[in-house]
Protein chains: 2
Amino acid sequence: MPDTIVIPAASDFHIHTRQDALMKMVVPCIAKGGVSLCYVMPNLKPPITKTEQALAYKAQLESLAPDVTFLMTLYLSPELTPEEIVKASSHGVVGVKSYPRGVTTNSESGIESYTVYYPVFRAMEEVGMTLNLHGELPSDVDQDTCVMNAEEKFLVHLRQLHQDFPKLKIVLEHATTKAAVETVKALGDNVGCTITIHHLQLVVDDWAGQCHNFCKPVAKFPHDRQALRDVILEDHPRFFLGTDSAPHPSHLKECAHACAGVFTTPLAIPYLATILDSFGAIDKLRGFACENGKRFYDIKEDEGRIREITLVKQSLSVPDGYSFGDHQDLRQGTVIPFWAGKDLTWRIVN
Amino acid sequence: MPDTIVIPAASDFHIHTRQDALMKMVVPCIAKGGVSLCYVMPNLKPPITKTEQALAYKAQLESLAPDVTFLMTLYLSPELTPEEIVKASSHGVVGVKSYPRGVTTNSESGIESYTVYYPVFRAMEEVGMTLNLHGELPSDVDQDTCVMNAEEKFLVHLRQLHQDFPKLKIVLEHATTKAAVETVKALGDNVGCTITIHHLQLVVDDWAGQCHNFCKPVAKFPHDRQALRDVILEDHPRFFLGTDSAPHPSHLKECAHACAGVFTTPLAIPYLATILDSFGAIDKLRGFACENGKRFYDIKEDEGRIREITLVKQSLSVPDGYSFGDHQDLRQGTVIPFWAGKDLTWRIVN
């Protein structure tokens, strides 16, 4: 068991970098967390639906973190055209993100309306852009669909999309279930899957009454968590880190209706190393966090630009909160991170 | 569809009446909620383990609500003896409550240690006391046991207890699953089951990030909720109201680790009528809330003492909170009720 690990700075293939004051706190934390490349989700207010928006946002992010590579995405919506796909690709936009609410109705048949996006998907396939799926059906009591089975029920659509667009790169984002892991494994080389840090640790009990562990998709059964751990233990090349780090001010978490999201950016790799080590997978850190995602996306970085990070096995206390902006109310200007106040077993020393 | 319903004041066969300032707020609300008989849970600090404690607590409750009948229980623990059972019964104590944490270890085999309580159960069977079960296994990641399957995994123990003590009255408390409903239905006449108000309404989505809907057992899948509704629709005589109303001050709900419990006492029957009406079961209100439980427990009330309540189909707004005690911090002195700020469709007019 080594007490020191040197790896290239990691890649986070699913991050929410926010806007305004919150963005200014979050983005400089990326490098401190051990990450040098981020795949940026487009769900801003308003969402990023145009190439110009993506480029303008990218410029903002780069000004806050010049040493980090930002890969940009568009938000799938009915306004998105094949022409915009070609344009976006030519400007370096890498992917298109589909959210459940992007479909026309809150029903199983609503999801079937992916077919309205088929011209867009065809264009993406041709230019080599990636489709990023938030893989959950909308909850529907009449269909017995709820947060606990919404991902598993979505998988039929993943299979259908891959069948209809075998050359389209598709990533099932933030997988939480054994069913999702098995489905992705069974599909072809163009289907990848991100796993968050927190879903490698949490089960349903951990978000029952614990708002800071509440996210979407919700953490599931222990056997689901084990499936996520197992696919890392087997070093599967199409599974890679996407933190889905999603900061919210604490007054929007500790309240009657908590926002969904877990904040892991400032200590991403220390969290991950601690958790991987806890189930005997510390030797999988490099592949899962540094290599698999870039290989899947076929991202060539300037080798000279990639810094190394050194992790040592030393205790590190997670801060109780991260302040941002200029708020009278402390709660409105604080983000509570994952595992606040707890001790990690690995830290970054450079 | 009648716009006015006259029924006897209802019975709540599972209530938490708390202590001190909170008790003084809660107990006078019982009658206002349309309830005249309560089955009182013993999980105070310290828990009620002796006859004297139960009688002293009963006297406190009666002084706050002279028109309400309080049926008392003891907390199952290794100190409870067959002799104490005989004594408690002779003083009118009706039941013994078993909590998962009352067993010796946090494991499946721990629950097997119900056998250590068999002399107590034998005495209860002989004197006619009832065993009230919080029917959940403790969560255990290695056994894939979590809040979503803890009740279903417990049911084997319910079946075993009923087989070993066929004459012992057993109530499975606050059932939340189709599996529990089917198990209770399949067992003999001495096995009953309470259903809460909120579990007739909530599914897992409703407590995901919503602390005021978080309780134990947690609400489950839509098909589980439907099973609870169906057993009421069929007017099954061994299923009856037990609200599990469990008030907590709001600062212990809207926080990082929320206490489990939903507060329904002040509007119990208006909530219940509203929900039953929503799925076509308003005609089952009397049986479920007024008759089935008393028949199961063989409780004879002085007919002249039972007041009637009149419900009318009129909108009623649920208060945002109920104040208690004398707290500087508003949050520490407020309980947020179920469905705060929402409109009910039935109200009590007398």
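Residues numbered from 1 in each chain as written. Chains lettered and ligands numbered in written order. Predicted model: local features only at pLDDT ≥ 70, side-chain atom pairs only at ≥ 80, totals over all residues. Heavy atoms only, no water.

Under the annotation held in an unreviewed UniProt entry, chain A carries the name dihydroorotase and is attributed to Acaulospora morrowiae. What UniProt records for chain A under Pathway (unreviewed entry) is the sentence "Pyrimidine metabolism; UMP biosynthesis via de novo pathway; (S)-dihydroorotate from bicarbonate: step 3/3." (UniProt positions renumbered as here; feature names shortened; annotations may be inferred.)

Novice: Whenever I open this one, the relation of the copies chain B and chain A confuses me. Can you help?
Specialist: Related by rotation about an axis and a shift along that axis, the two copies of the chain form a pair. Mapping chain B onto chain A calls for a rotation angle of 180° and an axial translation of 0.0 Å; the resulting RMSD is 0.0 Å. Here the transformation between the copies is reduced to the relation of a two-fold axis. Across chain B, the smallest distance between a C-alpha and the rotation axis is recorded for E254 of chain B, namely 2.5 Å. In this assembly the copies share their binding face: 100% of the residues contributing to the interface of chain B also contribute to that of chain A. (Least-squares fit on C-alpha atoms with pLDDT ≥ 70 in both. Contact = heavy atoms within 4.5 Å.)

Novice: Before we go on, may I ask you to explain the sheet that holds strand β10 (residues 239–241) of chain B in this structure?
Specialist: Residue and element names in this part refer to chain B. On the basis of which strands lie adjacent, the open sheet formed by six strands has the order β5-β6-β7-β8-β9-β10 and parallel pairing. Both edges of this open sheet fall to β5 (73–75) and β10, since each of them pairs with a single strand only. Strand-to-strand twist of the sheet, defined as the mean angle between neighbouring strand axes without regard to direction, takes the value 30°. Alignment of β5 against strand β6 (residues 95–98), held across three bridges, turns out to be parallel. Across the sheet, the residue bridging to Y75 is K97, located in β6. (Pairing = 2+ DSSP bridges. Helix = DSSP H or I, 4+ residues; strand = E, 2+ residues; numbered from the N terminus. Axes fitted to C-alpha atoms, helices over the stretch in contact; angles between N-to-C directions.)

Novice: What should I look at first to understand the pairing of strand β3 (residues 35–40) of chain A in this one?
Specialist: Two faces, one strand: in a regular strand the side chains alternate between the faces of the sheet. All names here are of chain A. Burial of β3 is extensive: six of the six residues sit out of reach of the surface. With respect to chirality, the unit in which strand β2 (residues 10–15) leads through helix α1 (residues 20–32) into the neighbouring parallel β3 is right-handed. Bridge count between β3 and strand β4 (residues 69–71): three bridges; the pairing is parallel. Pairing of Y39 across the sheet is with L71, part of β4. As a crossover connection, the stretch from β3 through helix α2 (residues 51–64) into β4 is right-handed. (Buried < 20%, exposed > 50% of the residue type's maximum accessible area, 1.4 Å probe, protein only. Right-handed = clockwise from strand over helix to strand, strands pointing away.)

Novice: Hey, could you run me through the side chain of R238 of chain B in this one?
Specialist: Residues and elements named next belong to chain B. On the secondary structure map, R238 appears in the loop between α10 (222–233) and β10. Here R238 sits buried without a salt bridge, and the closest side chain of opposite charge, D189, lies 4.1 Å off (N-O distance). Polar contacts involving the side chain of R238 include one to the main-chain carbonyl oxygen of K185, which spans 3.1 Å. With near-sequence residues (within four places) excluded, R238 lies in contact with V184, K185, L187, G188, D189, V191, G192, C193 and F296. (Lys, Arg positive; Asp, Glu negative; His and termini not counted. Salt bridge = Lys/Arg side-chain N within 4 Å of Asp/Glu carboxyl O. Polar contact = N/O pair within 3.5 Å; in protein donor to acceptor, adjacent residues only side chain to side chain.)

Novice: Sorry, what's going on with the interface of chain B and chain A here?
Specialist: Each partner contributes to the interface: chain B provides 26 residues, whereas chain A provides 26 residues. Taken together, the two surfaces of chain B and chain A that pack against each other cover about 2,300 Å², and 65% of this comes from carbon and sulfur. For the pair chain B and chain A, the interface holds zero salt bridges. Linking chain B with chain A are 10 residue pairs in polar contact (both at pLDDT 80 or more), by the criterion used here. Looking at the side of chain B that touches chain A, the elements with two or more residues in it are α9 (204–207) and α10 of chain B. (Buried area = accessible area lost by both parts, 1.4 Å probe.)

Novice: What should I look at first to understand empty space enclosed by the protein in this one?
Specialist: Space left empty within the atom packing is revealed by a probe, the size of a water molecule, rolled over the atoms. The final tally for this structure, using the stated rule, is seven cavities of 30 Å³ or more. The volume enclosed by the largest cavity comes to roughly 80 Å³. Every residue lining the largest cavity is counted, 16 residues in all, and those nearest its centre are G209, Q210 and C211 of chain A together with G209 and C211 of chain B. Within the lining of the largest cavity, the residues separate by chemical class into nine nonpolar, four polar and three charged. (1 Å grid on protein atoms, 1.4 Å probe; cavity = no way out; pocket = protein on both sides within 12 Å on 5 of 7 lines; lining within 4 Å. Points joined across faces, edges and corners; volume = space filled by probe spheres on them. Nonpolar A, V, L, I, M, F, W, Y, C, P; charged D, E, K, R; others polar.)

Novice: Where do I start with the packing of aromatic side chains in this structure?
Specialist: Given two aromatic rings, one states the distance between the centres and the angle between the planes to describe the pair. Going through the model one piece at a time under the given rule, you end up with 39 aromatic pairs over all chains. Ring plane angle 75° and centroid distance 6.4 Å describe the contact between Y114 of chain A and F154 of chain A, whose orientation is recorded as edge-to-face. Taken together, the residues span a long stretch of sequence, with Y114 of chain A in the loop between α4 (108–112) and α5 (118–127) and F154 of chain A in helix α6 (residues 150–164) at a distance of 40 residues. The pair formed by Y114 of chain A and F154 of chain A is uniform in burial state, with each residue classed as buried. The interplanar angle of 90° and the centroid separation of 5.8 Å between the aromatic rings of F121 of chain B and F165 of chain B together place this pair among those described as edge-to-face. In this pair, F121 of chain B is assigned in helix α6 (residues 118–127) and F165 of chain B in the loop between α7 (150–164) and β8 (169–172), connecting sequence segments 44 residues apart. Since its relative accessible area comes to 0%, F165 of chain B is described here as buried. Following the ring pairs from residue to residue traces out a cluster consisting of Y114, Y117, Y118, F121, F154 and F165 of chain A. (Phe/Tyr/Trp six-rings, centres within 6.5 Å; stacked < 30°, edge-to-face > 60°.)

Novice: Whenever I open this one, unusual backbone geometry confuses me. Can you help?
Specialist: Excluding glycine, residues mostly have negative phi values, and the peptide bonds linking residues are mostly trans. The omega angle of the peptide bond from K45 of chain A to P46 of chain A is -5°, so this bond is cis rather than trans. With respect to the element layout, P46 of chain A can be found in the loop between β3 and α2. Residue P217 of chain B follows K216 of chain B across a cis peptide bond; omega there is -5°. Within the fold, P217 of chain B resides in the loop between α9 and α10. You will see that D298 of chain B, though not glycine, has its phi angle at about 55°, which is positive. Its location among the elements puts D298 of chain B in the loop between α12 (285–297) and β11 (308–312). Its relative accessible area of 48% is what places D298 of chain B among the partly exposed residues.

Novice: Would you mind showing me how to read the environment of A258 of chain A here?
Specialist: Relative to the elements of secondary structure, A258 of chain A occurs in the loop between β10 (239–241) and α10 (268–278). Given the relative accessible area of 13%, A258 of chain A is considered buried. For A258 of chain A, the residues in contact, after removing those within four places along its chain, are C211, F214, L252 and K253 of chain A together with G209 of chain B.

Novice: What is the right way to look at the sheet that holds strand β1 (residues 4–8) of chain A in this model?
Specialist: Consider a sheet: its strands pair through backbone hydrogen bonds, and that pairing is either parallel or antiparallel. Residues and elements named next belong to chain A. Reading across the sheet, the three strands line up as β1-β11-β16 and stay open at both edges, with antiparallel pairing between neighbours. Strands with a single pairing partner mark the edges of an open sheet, and in this sheet they are β1 and β16 (347–348). Two elements, strand β11 (residues 308–312) and β16, share two bridges in a ladder whose sense is antiparallel. Paired with L311 across the two strands is I348, which belongs to β16. The strands that helix α11 (residues 285–297) touches are β1 and β11; relative to β1, the one it contacts most, it runs at about 20°.

Novice: Can you walk me through the pairing of β11 of chain A in this structure?
Specialist: All names here are of chain A. Counting buried residues along β11, four of its five residues qualify, which places the element largely inside the surrounding structure. As paired elements, β1 and β11 share five bridges and run antiparallel to each other. Among the inter-strand pairings, V6 is bridged to a residue of β11, identified as T310.

Novice: Mind showing me how you'd approach the environment of T177 of chain A here?
Specialist: All names here are of chain A. Tracing the backbone shows T177 in the loop between β8 (169–172) and α7 (178–186). Residues T177 and P217, spaced 40 residues apart in sequence, show a C-alpha to C-alpha distance of 9.7 Å. Filtering out sequence-adjacent residues up to four positions away, T177 remains in contact with E151, K220, D224 and L228.

Novice: Please explain the environment of K32 of chain A as it appears in this structure.
Specialist: All names here are of chain A. Looking at the element boundaries, K32 is found in helix α1. Residue K32 is classed as exposed on the basis of its relative accessible area, which comes to 60%. Through-space distance from the C-alpha of K32 to that of I269 is 9.2 Å; in sequence the pair is 237 residues apart. In contact with K32, not counting residues within four places along its chain, are P266 and I348.

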